[in-house]
Amino acid sequence: MEIIHSIKPLLAVSVSLAAVLLIGLSSRRPDIRESWTVLAALAKFIIVASMLPEVLSGKSLAIHLATVAPGLEIKLQADALSLAFAATASFLWIITSFYSIGYMRTLNEHAQTRYFMSFALAMSGAMGVAFSANMFTLFIFYEMITFSTFPLVAHKETPEAIQGARRYLVYLLGTSLAFLLFAMFLTYQAAGTLDFSPGGILDGKASDALIAVIFILFIAGITKAGMMPFHSWLPAAMVAPTPASALLHAVAVVKAGVFTVIKVVLFIFGTDVLSRIGLNEALMYFAAATIVISSIVALKQDNLKRRLAYSTISQLSYIVLAVAILTPGGITGSVMHIVAHAFGKITLFFAAGAIYVAHHKTKVSELDGIGRKMPFTMGAFAVGSLSMIGVPPFAGFISKFYIFTGAIEAGHLVVLAVLAVSTVLNACYLLPIVYAAFFKKPAPAPRDYPLKPDLHEAPTLMLIPLVLTAAATLVLFFYPSVFLELAASVAGAGR
């Protein structure tokens, strides 16, 4: 792969850092403050999109920022996997920015400037993770995401919000310091570098036993991937405002987690080392257990956002499971599911927020007949649900098809069974919501209805984004070529 010096990866990271300052300076002028939010999101996406032609042609864009020690650098590099994550996240930041404006203004939320500043800082962290050329750089931005999203989880400042935010910080920061940092230290000691490299950097540099220990530490330390038993921070974070929940579950935090898992599997260890020792199978079955257990737990959740949270835990492990298969189909499906899940899950969270704003309902048991009052919102929810289940013609079918293909390539019948069972479970915890919304008798409106009684759908600034993300799951089914090409490039480089 030809590496070209370019400032574009740095610009993609920096544009929202600049926005943090501008948003803070405009705190008393909401229209200007929110204009900076939208402009930064647009600028970030344009910068990311401008890198696509070169990356698709097999080139990589890199910029060296600093050398801390021999083999330990702060360096950014755009490759196929980076672009798949960055393009998805930067595009959805535009959509989420408009949704956030509608949500925050309609509910007259407090501390809106802090919210938008934290949002912009988190997106800088996400871009930094995407474009990290090595594990050292990735760790810096990985923790930047943790600290920048803490105020979003604690936003409401209620005892429940503070408790949820503390759990969030303890889990994410605690596991990073206890496991991830230690794994990086051992890797550097063994290999003399933390650079991401096709085929990995540990082959021949350490014993199989040490490699196994390092791998376990890495997986335990990447808690943002949401695998059990280090998953409870994720439902606890549902106390955040819905746009922040969408950011946590579809764009920045959890995607940074599974992205890091893919990077570690393919570019720190490599497929040959993992398959020789059998570590990939251990990860595969670990992810499979998380998929099934979290799906069963989701069935029991009456709070809509908590049900979606456990759905996220399950769906994230599809990505981990797929890359652990170590076949071209599995790796392609893993990358594609980052994209498909992002658009499908953000649609579901947008719909949950719209229901709360328009009708102040938060429980699944309260949604009987809501589809008659909110046909566009619940229509979008139905589309997002079908994509999550993997029904054509929606994006989730594409990613699940490749994951199934990867399992068949490897001859893993147990994985095929898990995928089949979990797909049924996906339908069992999502489709009853759709059925109740459209086919059950509406519940009477509460007397303390907070908005105008004739308001059925949420405000336009919230409704249009959720319709757009739902439509995108359909578009991605028919036009997946750009992301498939990026995913295929990752599969080729990873092997």
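Our subject in this report is the structure included herewith.

So, how was this worked out
- Residues numbered from 1 in each chain as written.
- Predicted model: local features only at pLDDT ≥ 70, side-chain atom pairs only at ≥ 80, totals over all residues.
- Heavy atoms only, no water.
- Salt bridge = Lys/Arg side-chain N within 4 Å of Asp/Glu carboxyl O.
- Helix = DSSP H or I, 4+ residues; strand = E, 2+ residues; numbered from the N terminus.
- Buried < 20%, exposed > 50% of the residue type's maximum accessible area, 1.4 Å probe, protein only.
- Contact = heavy atoms within 4.5 Å.
- Phe/Tyr/Trp six-rings, centres within 6.5 Å; stacked < 30°, edge-to-face > 60°.
- Lys NZ or Arg CZ within 6 Å of the ring centre and 35° of its normal.
- Axes fitted to C-alpha atoms, helices over the stretch in contact; angles between N-to-C directions.
- Parallel < 35°, antiparallel > 145°, perpendicular 65-115°, else oblique.
- Left-handed = near helix turned anticlockwise from the far one by under 90°.
- Pairing = 2+ DSSP bridges.

## What about the pattern of salt bridges?
Part 1 of the argument: Taken as a whole and assessed by the stated rule, the structure comprises 7 salt bridges.
Part 2 of the argument: We note a salt bridge from Arg276 to Asp203, for which the minimum N-O separation is 3.6 Å. Remark: Asp203 occurs in the loop between α7 (159–191) and α8 (208–221) and Arg276 occurs in helix α12 (residues 271–277); sequence separation between them is 73 residues.
Part 3 of the argument: Judged by relative accessible area, Arg276 falls into the partly exposed class, the value being 47%.
Part 4 of the argument: Through salt bridges with shared partners, one network takes in Asp31, Arg33, Glu34 and Arg105.

## Looking at the side chain of Thr312
Part 1 of the argument: Relative to the helices and strands, Thr312 resides in helix α14 (residues 304–325).
Part 2 of the argument: On the accessibility criterion, Thr312 (0% relative accessible area) is buried.
Part 3 of the argument: Discounting residues that sit within four places of it in the chain, Thr312 has contacts with Leu234, His249, Val254, His341, Lys345 and Phe349.

## Remarks on the packing of aromatic side chains
Part 1 of the argument: In total, this model carries 16 aromatic pairs according to the counting rule given.
Part 2 of the argument: A centroid spacing of 6.4 Å and a plane angle of 20° characterise the contact between Tyr99 and Tyr103, whose relative ring orientation is stacked. Pair noted here: Tyr99 and Tyr103 are both in helix α4 (residues 80–106), with a separation of 4 residues, about one helical turn. For the pair formed by Tyr99 and Tyr103, the shared burial category is buried.
Part 3 of the argument: Members of the aromatic cluster, each reached through a chain of ring pairs, are Phe397, Phe401, Tyr402, Phe477 and Phe478.
Part 4 of the argument: In this structure, Lys224 packs its charged tip against the face of Tyr142, placed 3.6 Å from the ring centre.

## Describing the side chain of Ser317
Part 1 of the argument: The topology assignment puts Ser317 in helix α14.
Part 2 of the argument: For Ser317, a relative accessible area of 0% gives the class buried.
Part 3 of the argument: If we skip the residues at most four places from it in the chain, Ser317 touches Met227, Ala287, Thr290 and Ile291.

## Quick word on the packing of α14 against helix α19 (residues 413–439)
Part 1 of the argument: At a minimum axis distance of 12 Å, the contact between α14 and α19 shows a crossing angle of 160°. Comparing the axis directions of α14 and α19 gives the class roughly antiparallel. As α14 runs across α19, the sense of the crossing is left-handed. Where α14 abuts α19, its residues Leu304, Arg307, Leu308, Ser311, Ser314, Gln315, Tyr318, Leu321 and Ile325 lie against Val415, Leu419, Ser422, Thr423, Asn426, Tyr429, Leu430 and Ile433.

## Side note on the sheet that holds strand β2 (residues 59–69)
Part 1 of the argument: The 3 strands lie next to each other as β1-β2-β3, forming an open sheet whose pairing is mixed. The sheet is open, and its two borders are formed by β1 (2–5) and β3 (72–78), each paired with just one other strand. Pairwise comparison of adjacent strand axes, ignoring direction, gives a mean angle of 40° for this sheet.
Part 2 of the argument: Looking at chain direction, β1 and β2 are connected through 4 bridges and run parallel. Note that in β2 the partner of Ile3 across the bridge is Ser60.

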